[in-house]
Amino acid sequence: MKNIFLFLCSLCITISANSQNTVKAPEPFGPLPTQKQLDWQEMEFYAFVHFSLNTFTNKEWGYGDESPALFNPTNLDVRQWARIVKAAGMKGIILVAKHHDGFCLWPSAYTERSVKNSPWKNGKGDLVKELAEACKEYDLKLGLYLSPWDRNRADYGKPEYITYFRNQLKELLTNYGDVFEMWFDGANGGDGYYGGANETRKINTLEYYNWDETYKLIYKTAPKTLVWGVGPSEARWIGNEEGRAGKTNWSLLRQKDELAGKVHYTEFMSGHEDGEKWVPGEADVSIRPGWFYHSVEDDKVRPLDEMVDIYYESIGRNATLLLNLPVDKRGLVHENDEARLKELVATVKADFKTELLSKTKIAADNVRGNSETFAGKNAVDGNKNTYWATDDNVKTASITFEFDKPTDINRILLQEYIALGQRVKAFNVEVKVDGNWKTAANETTIGYKRILRIDRVKASALRINITDSKANIVISNIQAYNAPTFVRMPEISRDKNGDVTIKSQDGNPVYYSLDGKNPTKKSALYKGVFRVKKAVTIKAVAIDAVENISSAVKMAKYGASKENWKIVSASSGDLKSADRVIDGNPDTDWSFGNDQNKLPQEIIIDMGSLLNLNGFTYIPQQVGNNLNLISNYEFYTSTDNVNWTLQSGGEFSNIKHNPIEQVKTFKKAKARYIRFVAKSAVAKGSTGSIAELNVIETL
């Protein structure tokens, strides 16, 4: 009898085991990533480096006529770049090997416009080679940017240029080891030097380069290289240069429509739910306002608050983050940029220090075939290749995590097993507080990674409800954290009369200084609007009164107040509302020019007294869909409104995709009157807008 009992037990175990083994894994659904794309997505965070002739000419876009002799860094150290990138947890560096001006950072055999004709290392240097070696030393991956547009080449726009472009691609992909990403900028065609022609050349981006053949060349030469940007790419631009993906972000794209010119770039923020190809998003942003180094931006490095938001709205929204570090004239990452990067990394590490779900009691209301292979516990086992999955056709399900005791939570991280496709269309997060379930978040897509910042709550349980999915659910990772309280910097504004207003989040007390020193609790406490008419640097911090935690320091620099500024004249537009360009508020704007009064158009301003100037800034319209951005300008000064001197003129490079404050400097000049001329607008528009015009004063 005992033997029969043991036999039956053994039979039951065998049947049970076989039953577990017969539960099939979920079938792939929809477009799928390649292994190359999976490896790329797992990099998550990597660096961009813009460093070229523009660094020495103080431009964003070179015209193409700049001399290679200008390229002469005094202390170039690519190992410093690599060390900083590695310390930040980034996985690679994409170097701008050739920008739109055509200057090459390697001694290309196909042009004289390269480092071989610069004084750097007496023309014997090869910056791409040096960086490739540094990346290898620091275990970083190397990526390269090669501008399709070349404002220097006489043959740009002709078939001969395509041969030149592809020859340079071969050089870069065969001489420097593996290249993890090849980056093709979407800026193509426009005015330029073009071998001395000094003209505008327009091309059809999708046809001129014959991207199908170019991509075949790349994949034949370097099959491990992922191609980003223009053409039938494997990864897409996120649709802005602010580093932000949409809350809804599909890794899918209707690429056939895109290649036919039927997709607007703003759609890239969210991708396409019905896309036929896997083309995940890459969010690119510079740590400063510009992509290339400009000394006037040394105090304009993006604040920590913004950098933290960028992290959560890129990597935390199913995109990768490509963060630009503009190398300075020395050939080094600037100290201010390195310091901000360290602050960002420290904040992120603190936010994700202790995971809270791995030791909870887990229950899922549906498990595929009731198999342990697909159980809910797989979502917290730390193994990226295991997952919680539901039965076929089960597109809604819940998974609950019960804590041993009420636990503080304010971060939720979720990941789909994207090797089988992106599926989740909607989900919500519930927390159990004092025995009652409360909704903490309602969201849409997950994809490779989704991170939610919620208000801190002390919960006895956490529940994730998948409320809509394209197919059965496949979740590889769910985590929760209690990030330290992050106090946001206060906001500082000053109107044209010099009245200063400072606001803080959650009513936190604010302390400020006017002497350039960082404020503390011993500094002046902000109690209400105060007036400062002179040029001033205001620094302020907000302090959480409960936890005694300080924000980062907010700094705002102002010249003398515009109290006495007046609009003298404008060639068109509503003169009554023209004061908006000098009201101190960048959220108001004024426009001039139309179909009847075509650009150029000008506005003249009386500053009320003689000032010593060495530059000006133009803030474009910030609110709305059609920003009427000015692309080319002239700026004049005068002491008497009769005799005028042209101080600055040219283009606001890249303003279409990066409509930030444009800073232009010139030699010191005395002036009472300024005249700003809008020569042309983006996309040949007939109207130009101004949110604010400012001057840069010097002693």
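Residues numbered from 1 in each chain as written. Predicted model: local features only at pLDDT ≥ 70, side-chain atom pairs only at ≥ 80, totals over all residues. Heavy atoms only, no water.

A. Fine view of the overall build of the chain. A count of helices and strands for the chain gives 11 helices and 35 strands. Its C-alpha radius of gyration of 29 Å places the chain within 12% of the 27 Å reference for a compact globule of 699 residues. Projecting the C-alpha coordinates of the chain onto the three principal axes gives extents of approximately 115 × 65 × 50 Å. The 699 residues of the chain split such that 55% are buried. Surface accessibility of the chain: about 30300 Å² in total, with carbon and sulfur atoms responsible for 48%. In the chain, 90 positive and 88 negative side-chain charges are present, and the distance between their average locations comes to 2 Å. (Helix = DSSP H or I, 4+ residues; strand = E, 2+ residues; numbered from the N terminus. Rg over C-alpha atoms; globule rule 2.2 N^0.38 Å. Buried < 20%, exposed > 50% of the residue type's maximum accessible area, 1.4 Å probe, protein only. Areas by Shrake-Rupley, 256 points an atom, 1.4 Å probe, with all protein chains shown as cover. Lys, Arg positive; Asp, Glu negative; His and termini not counted. Charge placed at Lys NZ, Arg CZ, Asp CG, Glu CD.)

B. Quick peek at the pattern of salt bridges. Per the stated rule, a full pass over the model turns up 49 salt bridges. Between K449 and E44 there is a salt bridge, with its nearest N and O atoms 2.7 Å apart. Of this pair, K449 sits in the loop between β17 (436-443) and β18 (450-469) while E44 sits in the loop between α2 (35-43) and β1 (45-49), and the two are 405 residues apart along the sequence. A salt bridge links D150 to K98, with the shortest nitrogen-to-oxygen separation between them at 3.2 Å. Here D150, found in the loop between β3 (141-146) and α6 (159-174), pairs with K98, found in strand β2 (residues 92-98); they are 52 residues apart in sequence, far enough to count as distant. Using a relative accessible area of 1% as the deciding quantity, one classes D150 as buried. Residue classification places K98 among the buried positions, given a relative accessible area of 0%. Through salt bridges with shared partners, a single ionic network connects R244, D305, D309, E313, R317, R453 and R488. (Salt bridge = Lys/Arg side-chain N within 4 Å of Asp/Glu carboxyl O.)

C. Layout of helix α10 (residues 304-312). The buried fraction of α10 amounts to 8 of the 9 residues, a majority that puts the element mostly inside the structure. When we look at burial in α10, the residues that qualify are L304, D305, M307, V308, D309, I310, Y311 and Y312. Its buried side turned inward, α10 meets β11 (281-286), β12 (319-324), α11 (335-351), β15 (397-416) and β18. (Contact = heavy atoms within 4.5 Å.)

D. The arrangement of the side chain of D101 in detail. One can find D101 in the loop between β2 and α5 (127-137). Summary of buried charges: D101 has no salt-bridge partner, and the nearest side chain of opposite charge, R113, is 4.0 Å away. Those residues in contact with D101, other than ones at most four positions away along the chain, are S52, L53, N54, G62, G64, E66, R113, D150 and N152.

E. Spotlight on the packing of α6 against helix α8 (residues 211-221). One can describe the packing of α6 onto α8 by two numbers: an axis separation of 10 Å at closest approach and a directional angle of 20°. Between α6 and α8, the crossing angle belongs to the class labelled roughly parallel. For the element pair α6 and α8, the recorded crossing hand is right-handed. Along the contact surface, α6 presents F165, R166, L169, K170, L173 and T174, while α8 presents W211, E213, T214, L217, I218 and T221. (Axes fitted to C-alpha atoms, helices over the stretch in contact; angles between N-to-C directions. Parallel < 35°, antiparallel > 145°, perpendicular 65-115°, else oblique. Left-handed = near helix turned anticlockwise from the far one by under 90°.)

F. Up close: the environment of R79. Considering the arrangement of structural elements, one finds R79 in helix α4 (residues 78-87). In this structure, the C-alpha to C-alpha distance between R79 and L332, residues 253 residues apart in sequence, is 9.4 Å. Filtering out sequence-adjacent residues up to four positions away, R79 remains in contact with A134, E137 and Y138. There is a polar contact of 3.4 Å between the side chain of R79 and the side chain of Y138. (Polar contact = N/O pair within 3.5 Å; in protein donor to acceptor, adjacent residues only side chain to side chain.)

G. Summary view of the packing of aromatic side chains. Under the counting rule described, the total for this entry stands at 44 aromatic pairs. Their ring planes at 75° and their centres at 5.8 Å tell us that Y156 and Y208 sit as a pair that is edge-to-face. Of the two residues, Y156 sits in the loop between β3 and α6 while Y208 sits in helix α7 (residues 205-208), which places them 52 residues apart along the sequence. Comparing Y156 with Y208, the two get one shared label, buried. With a centroid separation of 6.2 Å and an interplanar angle of 20°, the aromatic rings of Y161 and F165 are classed as stacked. A residue pair is termed a helical-turn pair when its members lie 3 or 4 positions apart in one helix, as Y161 and F165 do in helix α6 at 4 residues. Both residues of the pair, Y161 and F165, count as buried. The structure contains a cluster of three or more aromatic residues connected by ring pairs, namely Y156, Y161, Y164, F165, F184, Y194, Y208, Y209, W211, Y215 and Y219. (Phe/Tyr/Trp six-rings, centres within 6.5 Å; stacked < 30°, edge-to-face > 60°.)

H. The arrangement of the environment of N654 in detail. Note that N654 resides in the loop between β32 (645-651) and β33 (662-681). Residue classification places N654 among the buried residues on the basis of a relative accessible area of 9%. Sequence-wise, N654 and R254 are 400 residues apart; in three dimensions their C-alpha atoms are separated by 26 Å. Those residues within four positions of N654 in sequence are excluded, and the remaining contacts are W61, E241 and W291. Among the polar contacts listed, one links the side chain of N654 to the side chain of E241, at a separation of 2.8 Å.

I. Quick look at the nonpolar core. Formed by 83 residues in total, the largest nonpolar core has its most connected members in F71, W81 and L341. Per element, the largest residue contribution to this core is 7 residues, and it comes from α6. With 36 residues, the next largest nonpolar core counts A389, L420, F427 and A441 among its residues. (Core = buried A, V, L, I, M, F, W, Y, C linked by side-chain atoms within 4.5 Å.)

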